[in-house]
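Below are the chains, spelled out letter by letter.
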Amino acid sequence: MTAPERPIELREFPEPDLPEGGALLATAFSEVCGTDVHLWHGRLAGVPYPIIPGHVSAGVLAKVRGRLIGVDGNVLAEGDRVVFFDVHRTCGRCRACTVHGTPTRCPSRRVYGITDPASEGLFGGWSEAIYLEPGVAAARLPDAVGFEDYIGGGCGLITSVHAIERAGVALGDSVLVQGTGAVGLSAIALARLAGASQVFAIGAPPERTELARSMGADEVFDVATTTPEARLEAVRALTSGDGVDVVIEAAGSARAVEEGLNLARDGGTYVIAGHYTNAGTSTINAHEQINRKHLDIRGCWGSQVRHFLRALRILERNAAHVPWRFVGSRTYALTQLNEALADAEAMRIPKALVRP
Ligand SMILES: [Zn+2]
Ligand SMILES: [Zn+2]
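Residues numbered from 1 in each chain as written. Chains lettered and ligands numbered in written order. Predicted model: local features only at pLDDT ≥ 70, side-chain atom pairs only at ≥ 80, totals over all residues. Heavy atoms only, no water.

Caption draft 1: How the structure looks around the overall build of the protein. Scanning the protein from terminus to terminus reveals 10 helices and 17 strands. For 356 residues, the compact-globule formula gives about 21 Å, and the C-alpha radius of gyration of the protein, at 20 Å, lands near that figure. Within the protein, counting contacts between residues at least 6 apart in sequence, those at least 24 apart form 70% of the total. With the model as given, the accessible surface of the protein reaches about 15200 Å², and the carbon-plus-sulfur share is 49%. Side-chain charges in the protein split into 34 positive and 40 negative, and the spacing between the mean points of these groups amounts to 4 Å. (Helix = DSSP H or I, 4+ residues; strand = E, 2+ residues; numbered from the N terminus. Rg over C-alpha atoms; globule rule 2.2 N^0.38 Å. Contact = heavy atoms within 4.5 Å. Areas by Shrake-Rupley, 256 points an atom, 1.4 Å probe, with all protein chains shown as cover. Lys, Arg positive; Asp, Glu negative; His and termini not counted. Charge placed at Lys NZ, Arg CZ, Asp CG, Glu CD.)

Now the structure itself:
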């Protein structure tokens, strides 16, 4: 991706000289997510174009120099199926890392496929090979987890692990997820796994709302054919008139925030996990929607290694019965990436996969 609004170009790069502890991953799958569409339109600040997009990917270890220890403590060997956490170089020394306890806001932090420039090498998954620099958190993909399961969950699953953690979903909670994209679909499944007694979703188009039901939603409202007033009435009727305990915003729209605050019950929790780019200003009545409701509102930016590792454990235990692999519905070659981006943007499919 050479610059915003430019067609994707195929380029050749030299094979990297691996330092001690570095590795080369032969890419099996990468993905096209909402962030890639934002990158393509230049909607994210500080992106060092040209970049090789594809921040969550999976592959087979092609080459290792020295010893490579996975984040779970296991030694990784050539031939292993390996996945890695896209965030690297979090410094552990700045105020965000040490004082504020917000390492996802560390200024040194870099992300494969997003803030790593192509001039520095193979730091992205839309490529036949990915360079794993020393210190990147990598792990062997559990035997029970297919590449398609992992990449179907992809960045949306890891983001959702964080969002559910921020929401503090408790046994018996009612949860409503706004948005049925990759983040929303995983959040539905995880809310269910976390013990929610009722899971609702609002989304579109019909293929995604169907998938939302198979991910575990009891009731899915089509955002295109129902009104906010009708949805509020329906959700209240399903929750003894209260509204839900937890609302997770995974829609990325300013209007969703205005609606979501009303859907939460008094004393409930609202987690904003879908605003990865500036979607504009939401109009909020602080008295009616926050103060009098005694509402908790929490942001959720990026994720940490623990969310990645937990995602792997969740997949290992649940990929056989939660249909993450169907989230990644169509596969594109490196020569079809412009089409993949257009399809992702038009929401023609739940998620586009890249198979270099
Ligand atoms: Zn830091
Ligand atoms: Zn992503």
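Caption draft 2: Broad picture of the coordination of the zinc ion (ligand 2). Listed as protein donors to the zinc ion (ligand 2) are Cys33 (SG), His55 (NE2) and Cys155 (SG); their distances from the metal cover 2.0 to 2.2 Å. Each donor residue of the zinc ion (ligand 2) belongs to the same chain, and together they define the spacing C-x21-H-x99-C. In this pair, Cys33 sits in the loop between β1 (23-32) and α1 (34-40) while Cys155 sits in helix α3 (residues 147-167), placing the two residues 122 residues apart along the sequence. Comparing Cys33 with Cys155 shows no difference in burial state: the two are buried. (Donors = N, O, S within 2.8 Å, 3.2 Å for Na, K, Ca; no water. Buried < 20%, exposed > 50% of the residue type's maximum accessible area, 1.4 Å probe, protein only.)

Caption draft 3: Fine view of the packing of aromatic side chains. Per the stated rule, a full pass over the model turns up five aromatic pairs. Where Phe84 meets Tyr112, the ring centres are 4.9 Å apart and the plane angle is 65°; that geometry is what we call edge-to-face. Remark: Tyr112 occurs in the loop between β7 (110-111) and β8 (129-132) and Phe84 occurs in strand β5 (residues 81-84); sequence separation between them is 28 residues. In this pair, the class of Phe84 matches that of Tyr112, namely buried. Seen from their ring centres, Phe123 and Tyr131 are 5.6 Å apart, and the 80° between their planes marks the pair as edge-to-face. (Phe/Tyr/Trp six-rings, centres within 6.5 Å; stacked < 30°, edge-to-face > 60°.)

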